[in-house]
There are 2 protein chains.
Amino acid sequence: MKIVCIGSGNVATHLSIAFKAMGADILQVWSRDHRNAEILAALTKAKPIRKWDELDLSADCYIIAVKDDAIPEIAAQLTGVKGIVIHTSGATAMSVLTGAGSGYGVLYPLQTFSRTKAVDLTKVPLCIEGDTPATEDKISAIAHLLSHQVSVVNSEQRKILHLAAVFACNFSNHFYQISSELLAQHQLKFDLLRPLIMETAEKVQSASPADVQTGPAIREDQETMKNHLELLEGSPDLQQLYQLLSLRIKNSSH
Amino acid sequence: MKIVCIGSGNVATHLSIAFKAMGADILQVWSRDHRNAEILAALTKAKPIRKWDELDLSADCYIIAVKDDAIPEIAAQLTGVKGIVIHTSGATAMSVLTGAGSGYGVLYPLQTFSRTKAVDLTKVPLCIEGDTPATEDKISAIAHLLSHQVSVVNSEQRKILHLAAVFACNFSNHFYQISSELLAQHQLKFDLLRPLIMETAEKVQSASPADVQTGPAIREDQETMKNHLELLEGSPDLQQLYQLLSLRIKNSSH
């Protein structure tokens, strides 16, 4: 399996290193920022390239892991390649790749990647889509090199997954931040909340979130909610969030 | 250590079983619902009691783990006991116990408890407070029987902790629920999101939430946010939440 990696951010880095570890050859790395291309190329024993005329046309697979809005222009550079062309974006339709490679599709890893934290890709759900059944089979085989969790997901479903991930991951993390700031304002350490955060995530690994909801809103504990809103008096946006969430929790209880 | 347990809900159950496992004697269990008192008493080899005149006055410690608004009336029943009286509520001031026992205080376990899931109490932060330094020392000793994480936290700080826990736990869990509902509406399994939820919680076990924020809001990816708001067109309250959270994430980036 010969791969060219286009992009050098978190997703490009985690995928390339995992492919390399599974025995694939990373032929080349291209990045808008050539320094980052050099770093990722060094990690994966690939060649960093600057210009599209240096592109190796013989790879089996070209992986585009760049900012969403940069995908179309890169796809346009990949019309002449023999391999298949794959993007990794949750929010981008497969159709932006039309015409690229000998086939095209999507491999969307449903995970949050940080540069500094290793992720066990074998447990990460990979959501794939191909322009034809034959391409989809190829992308499936490639995805199975990395993960045990491979699902075929069409472009419409993938958009929903991406939106759901914003709530489950990005917005939850912001609530962690709000809680850490509340604690810091009162000389309390965030360490006090870390076990609660873990347990909250662990609970829904086997249960449905609706079945394990706790707190004053689900109990309809008006007194506590009133006290909480008073504590938030200096932060009208937090009060608004508190009220919106509490109302939704109450209304969605069963 | 002789303990009387007042209450039979999740907190009462987890604490009593843990105390029993550490060698304490659970003398009696009282609950508004006598059937539940009988169940917890059976689990801890205690005697279930119905009436306050059956109360054993010789216990070292009376633990009140009932609904917040029931604490004062129960405290009033415990003016004649020799031991110390402790409530377990995050949202209730220690002062509601004034006059109870030979001393009084708080032991607030900062964790979310479900009836069906065991929790390793040794890792749960226990936030304690006592009416005098001597009582606080006794409560600290009791708390250390259960957990390695014991912190002295005053009533004002405990209110903030409880509020922060609502954001970090209750509200995050509701976002898990929103994401699971979005997926179900599009024939997608919640399993696809479970690893992401775990990773999001794991990341902040060592990092600060502000340092690991990801997603379209922190990237200021207007196109994706616009698409997400369109996908939420049938749910004005989710659109409002999406906009509020995205604005806060953008404004609190650094």
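Not measured: the values here are computed from a predicted model. (Residues numbered from 1 in each chain as written. Chains lettered and ligands numbered in written order. Predicted model: local features only at pLDDT ≥ 70, side-chain atom pairs only at ≥ 80, totals over all residues. Heavy atoms only, no water.)

1. Some thoughts on the overall build of chain A
Then, number 1: Looking only at helices and strands, chain A features nine helices and eight strands.
Then, number 2: In terms of overall dimensions, chain A has C-alpha extents of about 70 × 40 × 30 Å along its principal axes.
Then, number 3: For chain A, with 254 residues in total, the buried portion stands at 56%.
Then, number 4: The contacts in chain A between residues at least 6 apart in sequence include a share of 49% that link residues at least 24 apart.
Then, number 5: Per element, the accessible surface of chain A, about 10,800 Å² overall, is 50% carbon and sulfur.
Then, number 6: Put simply, chain A has 23 plus and 27 minus side-chain charges, and the middle of one group is 6 Å from the middle of the other. (Helix = DSSP H or I, 4+ residues; strand = E, 2+ residues; numbered from the N terminus. Buried < 20%, exposed > 50% of the residue type's maximum accessible area, 1.4 Å probe, protein only. Contact = heavy atoms within 4.5 Å. Areas by Shrake-Rupley, 256 points an atom, 1.4 Å probe, with all protein chains shown as cover. Lys, Arg positive; Asp, Glu negative; His and termini not counted. Charge placed at Lys NZ, Arg CZ, Asp CG, Glu CD.)

2. Comments concerning a negative patch on the surface
Then, number 1: Judged by side-chain charge, A:D69, A:E73, B:E223, B:E230 and B:E233 come together as a negatively charged surface patch.
Then, number 2: Counting through the fold element by element, B:E233 comes out in the loop between α8 (222-231) and α9 (236-251). (Patch = residues over 30% accessible without salt bridge, like charges linked within 9 Å, V, L, I, M, F, W, Y side chains within 5 Å. Salt bridge = Lys/Arg side-chain N within 4 Å of Asp/Glu carboxyl O.)

3. Here's the deal with α9(B)
Then, number 1: With 16 residues, α9(B) extends 22 Å from end C-alpha to end C-alpha; this agrees with the ideal 22 Å at 1.5 Å per step.
Then, number 2: Buried positions along α9(B) lie against α5 (155-185) and α9 (236-251) of chain A together with α5 (155-185), α7 (216-219) and α8 of chain B. (Expected span 1.5 Å × (residues − 1).)

4. Topic: helix α8 (residues 222-231) of chain A
Then, number 1: By the burial criterion, the buried members of α8(A) are A:T224, A:M225 and A:H228. Taken around the axis of α8(A), the buried residues stretch over an arc of 100 degrees, which confines them to a single face.
Then, number 2: In this structure, the buried residues of α8(A) make contact with α7 (216-219) and α9 of chain A together with α5 of chain B. (Arc of directions from axis to C-beta.)

5. Focus: the interface of chain A and chain B
Then, number 1: Contacts between the two partners involve 85 residues from chain A, matched on the other side by 85 residues from chain B.
Then, number 2: Together, A:F167, A:L192 and A:R248 form the three largest contributors to the area buried by chain A at its contact with chain B, with a combined 8%.
Then, number 3: Linking chain A with chain B are two salt bridges, by the criterion used here.
Then, number 4: Among the ionic pairs, B:R248 bridges to A:D237, the shortest N-O distance being 2.8 Å.
Then, number 5: Connecting chain A to chain B are 29 residue pairs in polar contact (both at pLDDT 80 or more).
Then, number 6: Considering every element that reaches the side of chain A that touches chain B, the biggest residue donor is α5(A), with 26 residues.
Then, number 7: Split into classes, the residues belonging to the side of chain A that touches chain B amount to 45 nonpolar, 27 polar and 13 charged. (Buried area = accessible area lost by both parts, 1.4 Å probe. Polar contact = N/O pair within 3.5 Å; in protein donor to acceptor, adjacent residues only side chain to side chain. Nonpolar A, V, L, I, M, F, W, Y, C, P; charged D, E, K, R; others polar.)

6. Brief notes about the environment of A:M22
All names here are of chain A.
Then, number 1: Relative to the assigned elements, M22 resides in the loop between α1 (10-21) and β2 (25-30).
Then, number 2: Assessed through its relative accessible area of 47%, M22 is described here as partly exposed.
Then, number 3: Once the C-alpha coordinates of M22 and L145 are considered, the two residues, 123 residues apart in sequence, prove to be 6.7 Å apart.
Then, number 4: Not counting residues within four places of it along the chain, the set of residues in contact with M22 comprises L145 and L146.

7. Examining the confidence of the model for chain A
Then, number 1: Taken as a whole, chain A shows an average pLDDT of 95; of its residues, 100% reach a score of 70 or greater.
Then, number 2: For this predicted complex, the interface score ipTM comes out at 0.92, while the overall pTM is 0.91. (pLDDT = per-residue confidence, 0-100.)

8. Observations concerning the packing of α5(A) against α9(B)
Then, number 1: Relative to each other, α5(A) and α9(B) sit at 55 degrees, their axes nearing to 11 Å. Our classification of the angle between α5(A) and α9(B) gives oblique. The interaxial crossing formed by α5(A) with α9(B) has left-handed handedness. Counted together, A:L163, A:V166, A:F167, A:N170, A:F171, A:H174, A:F175, A:I178 and A:E181 of α5(A) and B:L238, B:Y242, B:L245, B:S246, B:R248 and B:I249 of α9(B) form the full contact between these two elements.
Then, number 2: Taken together, the residues that form the contact of α5(A) with α9(B) break down as 10 nonpolar, three polar and two charged. (Axes fitted to C-alpha atoms, helices over the stretch in contact; angles between N-to-C directions. Parallel < 35°, antiparallel > 145°, perpendicular 65-115°, else oblique. Left-handed = near helix turned anticlockwise from the far one by under 90°.)

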